[in-house]
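Coordinate inspection notes
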Amino acid sequence: MEANVLDVNGLQKSFGRNHVLRGIDIALAPGTVTVLMGANGAGKSTLVKVICGHHGSDGGTMRLDGRPFAPADAADAIKRGVVTVHQSIDDGVISDLDVANNLMLDRLVGGGALFVRERRLRAAAAEVAARMGLEIDLRARVSELSVADRQMIAIARAMARAPEVLILDEPTSSLSATEADRLFALIDRLRDQGVAILYISHRMSDIRRIADRIVVMRDGAISGRFDTTPLDYEAAVTAMLGHRMTDVDIAPAAPGAPVLELNGLRLWHHAPAFDLVAHDGEVVAMVGLLGSGKSRLAEILFGLRTPVAGRMRIDGAAYRPDGAGEAKARGVHLSPKDRGSNAVIPAFDIADNMTLPFLGAFGAGPLLSGRAQVASADDMIDRLGIVCQSARDGIDTLSGGNQQKVMIARWLLRDARVLLLDEPFQGVDIGARRDIGRHIRDTAKGRATLVFLAEIDEALEIADRVVVLHEGRMVSEHRAGQIDLSALVSDISGAEVRA
Amino acid sequence: MTDRLLDLAIRYGFLALLAGLLVYFSVAAPGFFGPLSAAFVLQSVAITGILALGVTCTLVVGGFDLSIGAVATSALMLSAYSMVILEHPAIVAVALCLLMGAGVGFINGILIVKCRVPDLLATLGMMFLLIGLQRIPTQGNSIATGMTLSDGRVAEGTFSPAFLWLGRHRFDLFIDRLLPMPVVVFVVIAVLIWLFLGFTRHGRLMYAIGSNARAAALVGTPVERYRIAAYMISGVTASVGGILLAARLGRGDIASGNNLLLDSVAAALIGFAVLGAARPNAFGTAMGALFVGILLQGMTMMNAPYYTQDFVKGAVLVAALVFTFYLSARRGRAGQ
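Residues numbered from 1 in each chain as written. Chains lettered and ligands numbered in written order. Predicted model: local features only at pLDDT ≥ 70, side-chain atom pairs only at ≥ 80, totals over all residues. Heavy atoms only, no water.

1. Concerning the overall build of chain A
Test applied: Counting from the N terminus, the helices are the DSSP runs of H or I reaching at least four residues and the strands are the DSSP runs of E reaching at least two. All radius of gyration figures rest on C-alpha atoms, and the globule criterion is 2.2 Å times the number of residues raised to 0.38. In this scheme, a residue with accessible area under 20% of its type's maximum is buried, one over 50% is exposed, and one in between is partly exposed, where area comes from a 1.4 Å probe on protein chains only.
Secondary structure assignment for chain A yields 20 helices and 20 strands. Radius of gyration (C-alpha) of chain A: 24 Å, near the 23 Å computed for a compact globule of 499 residues. Viewed in the frame of its principal axes, chain A has a C-alpha envelope of about 70 × 50 × 45 Å. For chain A, the proportion of its 499 residues judged to be buried stands at 54%.

2. A look at the sheet that holds strand β19 (residues 465-470) of chain A
All names here are of chain A. The criterion, for reference: Any two strands between which DSSP finds at least two bridges are classified as paired. The angle between two axes is taken between their N-to-C directions and runs from 0 to 180 degrees, where each axis is a line fitted to C-alpha atoms and a helix contributes only its stretch in contact. Contact between two residues is taken to exist if any of their heavy atoms lie within 4.5 Å; hydrogens are not considered.
Sheet architecture is open: six strands sit in the order β16-β17-β18-β13-β19-β20, paired in mixed fashion. Two strands lie at the open edges of the sheet, namely β16 (332-335) and β20 (473-479), each paired on one side alone. Strand-to-strand twist of the sheet, defined as the mean angle between neighbouring strand axes without regard to direction, takes the value 20 degrees. Of the pairings in the sheet, the one linking β19 to β20 comprises six bridges and is antiparallel in character. Bridging across to β20, leucine 469 finds its partner in methionine 474. Most of the contacts of helix α16 (residues 400-412) go to β16, to which it runs at about 175 degrees, and overall it touches β16 and β17 (418-422).

3. Describing the domain arrangement of chain B
All names here are of chain B. For clarity, the cut-off: For every domain, the bounds stem from an assignment made automatically or drawn from a database. Summed over both partners, the accessible area lost on bringing two parts together, with a 1.4 Å probe, is the buried area. Residues adjacent in sequence count toward polar contacts only when both atoms are side-chain atoms; beyond that, a polar contact is any pair of N or O atoms within 3.5 Å, and within protein one must be able to donate a hydrogen and the other to accept it.
The assigned domain composition of chain B is domain 1 (1-33 + 259-336) and domain 2 (46-192 + 209-256). Here the C-alpha centre of domain 2 lies 26 Å away from the C-alpha centre of domain 1. Listed as interface residues are 15 residues of domain 1 and, on the opposing side, 20 residues of domain 2. In total, domain 1 and domain 2 occlude about 1300 Å² of area from one another, counting both sides; carbon and sulfur atoms represent 89% of this. There are one residue pair in polar contact (both at pLDDT 80 or more) connecting domain 1 and domain 2. Mapped by element, the contributors of at least two residues to the side of domain 1 that touches domain 2 are α11 (260-270) and α12 (282-301). Sort the elements by how many residues they give to the side of domain 1 that touches domain 2 and α11 lands first, with eight residues.

4. Overview of the domain arrangement of chain A
Accessible area lost on assembly of the parts is the figure often given for the size of an interface. Domain assignment breaks chain A into domain 1 (6-245) and domain 2 (250-498). Using only C-alpha atoms to locate each centre, domain 1 of chain A and domain 2 of chain A end up separated by 33 Å.

5. Some thoughts on the packing of aromatic side chains
Going by this rule: Aromatic pairing here means that ring centres of Phe, Tyr or Trp (its six-membered ring) are within 6.5 Å. Orientation follows from the plane angle: under 30 degrees is stacked, over 60 is edge-to-face, and everything else is tilted. Charge-over-ring contacts are defined here by two conditions on Lys NZ or Arg CZ: a distance within 6 Å of the ring centre and an angle within 35 degrees of the ring normal.
Enumeration according to the criterion identifies 10 aromatic pairs over all chains in this entry. Judged by centre distance (6.2 Å) and plane angle (55 degrees), the rings of Phe272(B) and Phe325(B) are tilted. In this pair, Phe272(B) sits in the loop between α11 and α12 while Phe325(B) sits in helix α13 (residues 309-335), placing the two residues 53 residues apart along the sequence. Phe272(B) gets classed as buried once you look at its relative accessible area, which sits at 9%. Owing to a relative accessible area of 48%, Phe325(B) belongs among the partly exposed residues under this scheme. Taken together, the ring pairs in this structure connect Phe302(A), Phe358(A) and Trp411(A) into an aromatic cluster. Positioned above the aromatic ring of Phe358(A), the side-chain terminus of Lys328(A) is 5.7 Å from the ring centre. When the ring centre of Tyr207(B) is taken as origin, the NZ or CZ atom of Arg279(B), which lies over that ring, is 4.8 Å away.

6. A short note on the interface of chain B and chain A
Using the following cut-off: The salt bridge definition used is simple: a Lys or Arg side-chain nitrogen within 4 Å of an Asp or Glu carboxyl oxygen.
Across the contact, 19 residues belong to chain B and 28 residues belong to chain A. Summed over both partners, the interface of chain B with chain A comes to about 1900 Å²; 62% of that surface belongs to carbon and sulfur atoms. Looking only at chain B, the three residues that lose the most surface to chain A are Arg204(B), Leu218(B) and Val219(B), adding up to 35% of its buried area. Here chain B and chain A share one salt bridge between them. The shortest N-O distance in the salt bridge between Arg204(B) and Asp352(A) comes to 2.6 Å. Between chain B and chain A we count nine residue pairs in polar contact (both at pLDDT 80 or more) in total.

Have a look at this one:
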């Protein structure tokens, strides 16, 4: 075996009392794609941030080409040849500049002549693009390009520095399957050029396509390494999920009368129609990767978008909301994903945040009654186990899990007929996740509940029924208690569809 | 312990400073402490304060209204034009001004919400437009009874006594003819806006929009309607300010109201620091206006030259902003 480019030994990292990395050993070899798998909160992103110089380490060593490697900051890591493309693409490109300028950004930063020589810049950009096999108009503004093209540009710019190690943090999380294929072709090229690539993902379709080796992380430690041919994907998934799923016993509820009925619904023009019925008292998990259409479905049900085709009914009556207000009036409540941008009002306290959707119900006429708000909030704080001093605490004094509980409590204050929860466990620790899940199941009577999730184990913890979406189509349904895990995994990754 | 102290300082520091200022001037400047002097201070801040309360509403929804000063002077000119040249009664003149204010606010709102023009730019454009517009009907001249019009006629109309009453009437309080009408209007508007922003669900939703518009929309708030409403409130209060100014001056003076925009914006921003709110609020705005008024009155009575006034206002504003943003940020971090 060749010498490793990067050797990480016994790496430790803590944030306060939170021990995120508990002694990580990982080695990257040239011309190899090492996939790092792990569920949310396993510590993948932290590991990446230590390697790329964003965080310092609290223990352990890193060696690059045999020499000690302890980058002072991100710029230092890049100078030493370790380049990272982060998850959030728009951090990597400047959308108001054209492609050529974006590709040459480093050279603009790195000094040289005062005046930019347009022609020379374009020639150099064209050279970089050609080496990467990019076929993009160099004069196009980045803001006009697709997400995939922007991703390619960020990677191409990173590669212009001829790095030894390239780290890609969930690069396909915003890409469709066809866009992802272009990215994989680029990665193949880089592998052939002898770059050591660390590819972070927990998406089986990506991993099957490009992995040479798999390293699995769970709860801040390495829980499995796989480098046999062929790779043992099943074992990798088990190592990623651990035994957590067997901890949960779901007693599937006997479904009541149909509440929400979808007929011939189409999410996109190119997607096939599907039907779905959600019953009273039932919790349905809609599982799929990003771009599978689950957020789009949630938005359609909440009146934020209109479906391409199809009919919706609630309790037998036609349902065609033209906005969140009407959806709310019909008893459809949506707790959106990304609470930071879509749900939390940072200037408000807990009580105001929680009662926001139903302010009209607290007080007389237009006047608000603070006492009524606090009384309702206190009740929810007890029921969901929100850890706080009082309902008048600022929302930003709470931990992520407790904030999420407040955001979900917001929609439980009034009885919903259809409750939609989009990624309710995002950025939530396991304790809070259990609390939320238990409460959702306990109160499920009297409504139909749809939970939109990307993680399998989260779905298994909460759902009576798991429905798999892939690129806007409904692939399969699985009932709790009789789920074939490997079938579920391959459905989600769309293995059959693409094969 | 230091956290508690910091918290107290942020919460009551500004009001303590205000109280300290009052005590200091009462001792140092003979004649400062008394009903007449108080009425004078209130009179001097009433119109600025009314405008500041309006701009507070736009700050609450995360916007900004630079056109308030121009709306006020437009109302000043419009009321004069209406009464002196068109010879309307007072009630028509007032109604025209209020409609104009609401209309300008509505257009501002549409520009910002529907045309997606950034708030500063839209209201800046509107400001220029109005400053220009108010001069066109009179070829850039001030309006007064007896002036000669472009067609050779002489303007016969007058400011009616009812209209002048709005600006000049004084109510009896403690002593005869103490409290001027504009002060009463200021207090009434301050109480209304304070109730509206602080204690109604509409006010709460407007704060929600200012803090996270997307989240507010996702709980079913008609965000665009509230935004437009905020600019309309701002336009109407600015026109009220203009009416009071016209009623006090008794003529359509083209050069009046130059300082209105900056003074009222400063009052609203100083208001962030009151009670540690760190956000726009009606009580703070009123206190901010009062603070500036008291400071200037006290300094004037201690013979500070008039040209130092803007410098003092600027210093107060910068100090209040540092107070708000730097100290509150520290408190935020301490709480984590």
